[in-house]
Amino acid sequence: MADSTGDQRIEGVGADAQGQPVLLGAACGACGTRIFPAAGVCPHCMSEAMAIEAMPRRGRLYSFSIVHTGPRKWPRPMSVGYVDLENGVRVFSQLRGRPRIDAAVELGIDTVAQGTDGPERGFVFTMLEG
Ligand SMILES: [Zn+2]
């Protein structure tokens, strides 16, 4: 799978055929459960028949919070929340845009922290209008 996420590898992120970032989760070959991040054992049936699978890039915001404190390298205030992807997988992420419950969101890559070695990039979900 192509990697268009830049010079820095981002754990759990790959790219789709259009070069857009995708989260690489896993699907269970025994019961069909899908998860992110990927793991070697299914949390539902304990099968080890897990295969890496690209997750849908869009979903809806399930819940969020605005964080005003934390490690120096984090942006403040920082929006974080749970996104329900179109396949039902729930993902925790930083958010971009003004968060609204049930808003449509799309996956992207952005600076998520300012480390001592420079900016750290990671996946984020951005509110879509409409
Ligand atoms: Zn399973």
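Above: the structure in question.
**Some words on the nonpolar core**
Moving on, step 1. If you look at the biggest cluster of nonpolar residues, it comprises 21 residues, and the most contacted ones within it are L23, V83 and F125.
Moving on, step 2. Where this core is concerned, the elements lending two or more residues are strand 2 (21-28), strand 6 (78-85), strand 7 (90-96), strand 8 (104-115) and strand 9 (118-127).
Moving on, step 3. The element that contributes the greatest number of residues to this core is strand 2, accounting for 5 residues.

**Some thoughts on unusual backbone geometry**
For residues besides glycine, phi is generally negative; the peptide bonds are generally trans as well.
Moving on, step 1. With an omega of 0°, the peptide bond between F36 and P37 qualifies as cis.
Moving on, step 2. Residue position: P37 is located in the loop between strand 3 (34-35) and strand 4 (50-54).
Moving on, step 3. Going from R76 to P77, the amide bond is cis rather than trans, its omega being -10°.
Moving on, step 4. Its place among the elements puts P77 in the loop between strand 5 (58-67) and strand 6.
Moving on, step 5. Despite not being glycine, D102 has its phi angle at roughly 75°, a positive value.
Moving on, step 6. What makes D102 exposed here is the crowd of 10 C-beta atoms within 10 Å.

**A few points about the sheet that holds strand 7**
Moving on, step 1. Spatial ordering of the closed barrel is given by 5-6-7-9-8, a layout of 5 strands whose pairing is mixed. Neighbour-to-neighbour, the strand axes of the sheet open up by a mean angle of 40°, direction not taken into account.

**Concerning the pairing of strand 9**
Residues in a regular strand project their side chains so that they alternate between the two faces of the sheet.
Moving on, step 1. The pairing of strand 7 with strand 9 spans 3 bridges and is classified as parallel. Residue pairing across strands places L95 opposite F125, the latter belonging to strand 9.
Moving on, step 2. Relative to strand 9, strand 8 runs antiparallel, the two being bridged by 10 bridges. Within strand 9, the residue paired with A113 across the bridge is E120.
Moving on, step 3. Count of turn residues in the strand 8/strand 9 antiparallel hairpin: 2 residues.

Scoring rules and cut-offs
Residues numbered from 1 in each chain as written. Predicted model: local features only at pLDDT ≥ 70, side-chain atom pairs only at ≥ 80, totals over all residues. Core = buried A, V, L, I, M, F, W, Y, C linked by C-beta atoms within 7 Å. Buried ≥ 20, exposed ≤ 12 C-beta atoms within 10 Å, placed from the backbone. Helix = DSSP H or I, 4+ residues; strand = E, 2+ residues; numbered from the N terminus. Pairing = 2+ DSSP bridges. Axes fitted to C-alpha atoms, helices over the stretch in contact; angles between N-to-C directions.

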